[in-house]
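# Descriptive structure summary
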Amino acid sequence: MIYQASVTAPVNIATLKYWGKRDKDLNLPTNSSISVTLSQNDLRTLTTASTSPDFATDQLWLNGKIESLDTPRTQACLYDLRQLRQQMESKDDTLPKLSQYKLHIVSENNFPTAAGLASSAAGFAALISAIAQLYNLPTSWSDLSKIARKGSGSACRSLFGGFVAWEMGTLANGEDSQAVEVAPLSHWPSLKAAILVVSDDKKDTPSTSGMQLTVRTSELFKYRVENVVPRRFDQMKQAILEKDFPQFANLTMQDSNQFHAVCLDSWPPIFYLNDTSKRIIKLVEKLNHDAQKTIAAYTFDAGPNAVIYYDEANESQVLSALYKHYGHVDGWKGAKEEYGSSGEVDKWSGVSRVILTSIGVGPQVTSESLINEAGLPKNAE
Ligand code: PMV
């Protein structure tokens, strides 16, 4: 007897950045953050969670390979979910004792994990929602977001679609540090994103150690969390609710820049942007300058990849400007015919592919299963 459930979960890209932990074990942040959830058509993790009295150990297969579940963060997530299931079982004798069985979890991304896109956010959001579905937990999305947060901070925001806030909370146990919806996808469905995957040989500083270093050493960081983020958090929420693209975009770019500034202000300094990233910043600056209004917003996480937000109304202006320099790389799909024929071409190097996507929904239950009748992955190596 195998019980199973499958869920897909999205990637989210912050427009107001989370950077800094006040509690490393619980992933409690030093500031609140805001993100946009991206469409699962282009970027998503599909996870099947299964359980059976016949399974001998908890096991995870990620993109066809066995991965360890034995990390403190994953263990914290599994513990919380089993506790919630156990509480249900203790109140209702008729329920199968799933909390006592081992889990087989199979997970696949529809995009290259190595591209340095926020795969851990989609991964933990899919893991938590698939097990919650398997256990039939009545838990709210915000409560599940607190479990996902323990896996990877930014993962808590992937439990919702549209525009999402992670409220930092003040409690020491993290019970008020959760994700909430600012506005659903339907509020502003015309928001689009172009991702420029930037080639990079060097290994970036992992986000956890980078954050710890910044918290310990950057003076600018103190100013940021005390004086800048609280104000920006309210302004950005308002810009989203009013669908005020220029305001939303300017705040997004300023916040990305300030996040990279506190990285540079850390000691020793941390760099995530490379020359290609900086060239893209200038390109977007020029695009907005030429348009005489802000029609595109760049943002960069803990790596050199650029995410450029724009409204569909300005798609042809924004994509033509990007196509001019990066039209030779993969990923333009149907947009190629439209932007390829117009204007000059001036090929720039440094970008390996583009991903054209849009705003999307939160986790979705699916009938597509990744496990076979034996409780093993269908596509294992
Ligand atoms: O939760 P992590 O460890 O993936 O940290 C994410 C940090 C940033 O991506 C740089 C910012 C953010 O808010 O997502």
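Thresholds applied
Residues numbered from 1 in each chain as written. Predicted model: local features only at pLDDT ≥ 70, side-chain atom pairs only at ≥ 80, totals over all residues. Heavy atoms only, no water. Helix = DSSP H or I, 4+ residues; strand = E, 2+ residues; numbered from the N terminus. Rg over C-alpha atoms; globule rule 2.2 N^0.38 Å. Contact = heavy atoms within 4.5 Å. Areas by Shrake-Rupley, 256 points an atom, 1.4 Å probe, with all protein chains shown as cover. Buried < 20%, exposed > 50% of the residue type's maximum accessible area, 1.4 Å probe, protein only. Pairing = 2+ DSSP bridges. Axes fitted to C-alpha atoms, helices over the stretch in contact; angles between N-to-C directions. Expected span 1.5 Å × (residues − 1). Polar contact = N/O pair within 3.5 Å; in protein donor to acceptor, adjacent residues only side chain to side chain. Near = heavy atom within 4 Å. Nonpolar A, V, L, I, M, F, W, Y, C, P; charged D, E, K, R; others polar. Domains from an automatic or database assignment. Phe/Tyr/Trp six-rings, centres within 6.5 Å; stacked < 30°, edge-to-face > 60°. Lys NZ or Arg CZ within 6 Å of the ring centre and 35° of its normal. Disulfide = S-S within 2.5 Å. Buried area = accessible area lost by both parts, 1.4 Å probe. Salt bridge = Lys/Arg side-chain N within 4 Å of Asp/Glu carboxyl O.

This part takes up the overall build of the protein chain. Along its length, the protein chain carries nine helices and 16 strands. The C-alpha radius of gyration of the protein chain comes to 21 Å, within 12% of the 21 Å expected for a compact globule of 381 residues. In terms of its C-alpha atoms, the protein chain occupies a principal-axis envelope of roughly 70 × 45 × 40 Å. In the protein chain, once contacts between residues fewer than 6 apart in sequence are set aside, the share between residues at least 24 apart is 74%. When the accessible surface of the protein chain is summed, it comes to about 16,400 Å², and 50% of that surface belongs to carbon and sulfur atoms.

Note that Thr-214 resides in helix H4 (residues 207–217). Looking at Thr-214, the relative accessible area reads 0%, which means it is buried. On a C-alpha basis, the gap between Thr-214 and Val-262 in space is 6.9 Å, while along the polypeptide they are 48 residues apart. Residues contacting Thr-214, with those up to four places away along its chain left out, are Trp-19, Phe-221, Val-262, Ser-266 and Ile-270.

Moving on, we come to the sheet that holds strand S16 (residues 364–366). Read from one edge of the open sheet, six strands run S8-S7-S9-S6-S1-S16, paired in mixed fashion. One side of each edge strand has no neighbouring strand; the edge strands of this open sheet are strand S8 (65–67) and S16. The sheet shows a mean angle of 25° between the axes of neighbouring strands, direction not considered. Note that strand S1 (residues 3–10) and strand S6 (residues 44–52) share eight bridges and pair antiparallel. Paired with Val-7 across the bridge in S6 is Thr-47.

Okay, helix H5 (residues 219–241) next. For H5, spanning 23 residues, the distance from its first C-alpha to its last is 33 Å, which sits close to the expected 33 Å at 1.5 Å a residue. Where H5 starts, the residue carrying a side-chain oxygen 3.3 Å from the main-chain nitrogen of Leu-220 turns out to be Ser-218. Once H5 finishes, Lys-243 follows within two positions and takes phi at roughly 50°, a positive value.

Let us look at the sheet that holds strand S11 (residues 178–183). Taken together, the four strands give an open sheet; going across it, the order is S2-S5-S10-S11, and neighbouring strands pair in antiparallel fashion. If you trace the sheet from one side to the other, it starts and ends with strand S2 (12–16) and S11, each paired once. Ignoring strand direction, the axes of neighbouring strands in this sheet form an average angle of 35°. Note: strand S5 (residues 33–37) against strand S10 (residues 163–167), four bridges, orientation antiparallel. Along S10, the bridge assignment pairs Ser-33 with Trp-166.

Below, the discussion takes up the site of the ligand. Around the ligand there are 13 residues in total, and Ala-14, Tyr-18, Ser-154, Arg-157 and Ser-207 lie nearest to it. Here an oxygen atom of the ligand and a backbone polar atom of Gly-153 are 3.3 Å apart. Between an oxygen atom of the ligand and a side-chain N or O atom of Arg-157, the distance comes to 2.8 Å. The residue makeup of the shell around the ligand, split by class, is six nonpolar, four polar and three charged. Split by domain, the shell around the ligand shows at least three residues from each of two domains, domain 1 (3–184 + 367–380) and domain 2 (191–358).

A word on the packing of aromatic side chains. Going through the model one piece at a time under the given rule, you end up with 13 aromatic pairs. Taken together, the ring pairs in this structure connect Phe-163, Trp-188, Phe-245, Phe-248 and Tyr-309 into an aromatic cluster. Looking at Arg-279, its charged tip hangs above the ring of Trp-348, at a distance of 3.9 Å from the centre.

So, about the state of the cysteines. Evaluated as defined, the whole model comprises zero disulfides. Free cysteine Cys-156: the closest other cysteine sulfur is in Cys-77, separated by 11 Å. Residue class for Cys-156 comes out buried when judged on its relative accessible area of 0%. The thiol of Cys-263 is not disulfide-bonded; the next cysteine sulfur, from Cys-156, is found 19 Å away. Using a relative accessible area of 1% as the deciding quantity, one classes Cys-263 as buried.

Further remarks concern the domain arrangement of the protein chain. With domains assigned, the protein chain is organised as domain 1 (3–184 + 367–380) and domain 2 (191–358). Placing the centre of domain 1 and that of domain 2 at their C-alpha centroids yields a distance of 27 Å. Facing 30 residues of domain 1, the contacting portion of domain 2 comprises 42 residues. On the domain 1 side of the interface with domain 2, the three residues burying the most area are Thr-15, Lys-17 and Trp-19, jointly 29% of the side's total. Linking domain 1 to domain 2 there are two salt bridges. The shortest N-O distance in the salt bridge between Lys-333 and Asp-42 comes to 3.1 Å. Summed over the shared surface of domain 1 and domain 2, the number is eleven residue pairs in polar contact (both at pLDDT 80 or more).

Looking now at the side chain of Glu-89. Note on placement: Glu-89 falls in helix H1 (residues 72–91). A distance of 2.6 Å separates polar atoms of two side chains, one belonging to Glu-89 and the other to Arg-85. Discounting residues that sit within four places of it in the chain, Glu-89 has contacts with Leu-95, Pro-96, Lys-97, Leu-98 and Ser-99.

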